[in-house]
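This is what each chain is made of:
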Amino acid sequence: MKILKRLLSVSLLSLLFGCTSPEIYLNKAVDIMAENSIKRDSIDWVKFRKDVLEKGKNARSLKETYPAIRYALKQLGDHHSFLLTNESKETANAKNTLPPIKSELINGNIGYISIPEFAGNDKLAHEYALELQSIITAFDKHSIKGWIIDLQENRGGNMWPMILGLGPLFEKDTLGYFVDPHNSYFEWIYSKGTVSIGKAEIMKLKDFHLLQNKNKKKAVLIGVKTASSGEATAIAFKGSANTKFFGHATRGLSTGNQGYSLSDGATLILTTSTFVDKNKKVYGHAIEPELYGSNAREEAVNWIKNE
């Protein structure tokens, strides 16, 4: 009889928790953090785990562990990691539309493009990159004196369609790097319509544009809203000739995130690396403009005009 009761209890727990108890689930989340976090070598993981399990001790379902997981991610101190739940994924999918890309040919010879944040699916990512290159192609038919890349409203998302779309404006294949806590570097590359991490292809455009003249001035506009992948896109222009940054310091989330799936479909978005520019300058903090000011666009136009 006792054996039967024990079997029934195990069966009930399996039904309630999908074969994973809240404690096991929470431990697995901490395991992922300990193995992959950018802070993994600077944390007392025994104390950390004990503290997180204490926070989640009253959880009776996997969903009830979420506050403890969010607490754990905050305790990492990277300011960039977060928990992506199934509900937040559904909300994002419902809003899965191509963001409007604003562009203007200023004075008939300065190509202005505002780069919006992007977090859509693969199809939209391709459309986003293609639209950016189409704008550049159209402007390149004119006698362009310079380019303005506006990232002031770019809060992040997926960096790859941003970089792929802006590909024709880059002077060299190597745009930057991810560096992990053990000083391993992973190269960002744009070449002939393809973006890659090292030799691993991420995205490509079948039809890509080659800029008529890559030596024209480029003004990059940044500000307090520029974050995460917006900062990565800005860093891709760092260390380039005839390039100047205008505006205000960015938010300071210049670190790389990676997703780790949990058993109920939620995803840990964990900070695992730091952004580095093509000259091996390491960030992980705010990007500073060379010229501070509230009229970044106007100042950029004047800089380009005064050759």
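Residues numbered from 1 in each chain as written. Predicted model: local features only at pLDDT ≥ 70, side-chain atom pairs only at ≥ 80, totals over all residues. Heavy atoms only, no water.

Q: I tried to follow the packing of helix α2 (residues 22-36) against helix α4 (residues 66-76) on my own but got confused; where do I start?
A: Between two packed helices, both the angle of their axes relative to each other and the distance between the axes serve to describe the pair. Closest axis-to-axis distance for the α2/α4 pair is 10 Å, and the angle between their directions is 20°. By the angle between their directions, the pair α2 and α4 is classed as roughly parallel. The hand of the α2/α4 crossing is right-handed. On α4, the residues that touch Tyr 25, Leu 26, Ala 29 and Met 33 of α2 are Tyr 66, Ala 68, Ile 69, Ala 72, Leu 73 and Leu 76. In terms of residue class, the contact of α2 with α4 is built from ten nonpolar, no polar and no charged. (Axes fitted to C-alpha atoms, helices over the stretch in contact; angles between N-to-C directions. Helix = DSSP H or I, 4+ residues; strand = E, 2+ residues; numbered from the N terminus. Parallel < 35°, antiparallel > 145°, perpendicular 65-115°, else oblique. Left-handed = near helix turned anticlockwise from the far one by under 90°. Contact = heavy atoms within 4.5 Å. Nonpolar A, V, L, I, M, F, W, Y, C, P; charged D, E, K, R; others polar.)

Q: I would appreciate a short explanation of the environment of Gly 284 in the present structure.
A: Its location among the elements puts Gly 284 in the loop between β12 (267-277) and β13 (291-292). Classification of Gly 284 by relative accessible area gives partly exposed; the value is 36%. It is 27 Å that separates the C-alpha atoms of Gly 284 and Ile 101, two residues lying 183 residues apart in sequence. Excluding residues within four positions of it along the chain, Gly 284 makes contact with Gly 252, Ser 254, Thr 255, Thr 274 and Phe 275. (Buried < 20%, exposed > 50% of the residue type's maximum accessible area, 1.4 Å probe, protein only.)

Q: How should I be thinking about unusual backbone geometry in this particular structure?
A: Keep in mind that most residues, glycine aside, have a negative phi and that most peptide bonds are trans. Even without a glycine there, the phi angle at Lys 192 is positive, about 50°. Examined against the element boundaries, Lys 192 turns out to sit in the loop between β6 (185-191) and β7 (194-197).

Q: I'm lost on the nonpolar core in this one. Help?
A: Considering soluble globular proteins, one finds that nonpolar side chains tend to be buried as a cluster. Formed by 43 residues in total, the largest nonpolar core has its most connected members in Ile 115, Leu 166 and Trp 188. If one sorts the elements of this core by residue count, helix α6 (residues 122-139) sits on top with eight residues. Judged by nonpolar contacts, the second largest core, of 22 residues, contains Leu 26, Trp 45, Phe 48 and Ala 68. (Core = buried A, V, L, I, M, F, W, Y, C linked by side-chain atoms within 4.5 Å.)

Q: For this particular structure, what's the right way to read helix α3 (residues 45-55)?
A: Spacing of three or four residues puts side chains on the same side of an α-helix, whose turn is 3.6 residues. Looking only at α3, the buried set comprises Trp 45, Phe 48 and Val 52. Angularly, the buried residues of α3 cover 55° about the axis, an arc narrow enough to put them on a single face. Relative to its buried face, α3 has exposed residues pointing more than 90 degrees away, namely Val 46, Lys 47 and Lys 50. Among the structural elements, α2 and α4 are those in contact with the buried residues of α3. For α3, the side-chain oxygen to backbone nitrogen distance between the N-cap and Val 46 is 3.3 Å, and the N-cap itself is Asp 44. (Arc of directions from axis to C-beta. Polar contact = N/O pair within 3.5 Å; in protein donor to acceptor, adjacent residues only side chain to side chain.)

Q: It is not clear to me how the packing of aromatic side chains should be interpreted in this structure. Could you clarify?
A: Two aromatic rings are characterised by how far apart their centres lie and by the angle between their planes. Under the counting rule described, the total for this entry stands at ten aromatic pairs. When the ring of Trp 45 is compared with that of Phe 48, the centres are 4.8 Å apart and the planes differ by 65°; the resulting orientation is edge-to-face. Of the two residues, Trp 45 and Phe 48 both sit in helix α3, three residues apart, roughly one turn of that helix. Among the residues examined, Phe 48 registers a relative accessible area of 9% and is labelled buried. Summarising the aromatic geometry, the rings of Trp 160 and Phe 178 are spaced 6.3 Å apart at their centres and angled 75° between planes, so their arrangement reads as edge-to-face. Placement of the pair is Trp 160 in helix α7 (residues 159-165) and Phe 178 in strand β5 (residues 174-179), with a sequence separation of 18 residues. (Phe/Tyr/Trp six-rings, centres within 6.5 Å; stacked < 30°, edge-to-face > 60°.)

Q: So what exactly am I meant to see when it comes to the side chain of Lys 238 here?
A: Summarising the element assignment, Lys 238 is placed in the loop between α8 (229-235) and β10 (243-247). Ignoring any residue separated from it by four or fewer positions in sequence, one finds Lys 238 in contact with Phe 245, Asp 277, Lys 278, Tyr 283, Ile 287 and Glu 288.

Q: Help me understand the sheet that holds strand β2 (residues 103-106), please; the structure alone is not making it clear to me.
A: Strand pairing within a sheet occurs via backbone hydrogen bonds; the two strands may be parallel or antiparallel. Judged by pairing direction, the sheet is mixed, and its six strands sit side by side in the order β2-β3-β4-β9-β10-β13 without closing on themselves. On the outer flanks of this sheet lie β2 and β13, each paired with one strand and no other. Across five bridges, the pairing between strand β9 (residues 217-222) and β10 is parallel. Bridge pairing in β10 places Leu 221 opposite Phe 246. (Pairing = 2+ DSSP bridges.)

Q: For this particular structure, what's the right way to read the pairing of strand β3 (residues 110-114)?
A: Moving residue by residue along a regular strand, the side chains alternate between the two faces of the sheet. The element β3 is extensively covered by neighbouring structure, given that five of its five residues are classed as buried. Going residue by residue along β3, you find Ile 110, Tyr 112 and Ser 114 tucked away on one face and Gly 111 and Ile 113 tucked away on the opposite face as well. In sequence, β2 turns back onto β3 through a hairpin of three residues, with Asn 107 there showing a positive phi of about 55°. Pairing between β3 and strand β4 (residues 146-150): five bridges, direction parallel.

Functional significance is not addressed by these values, which are geometric in nature.
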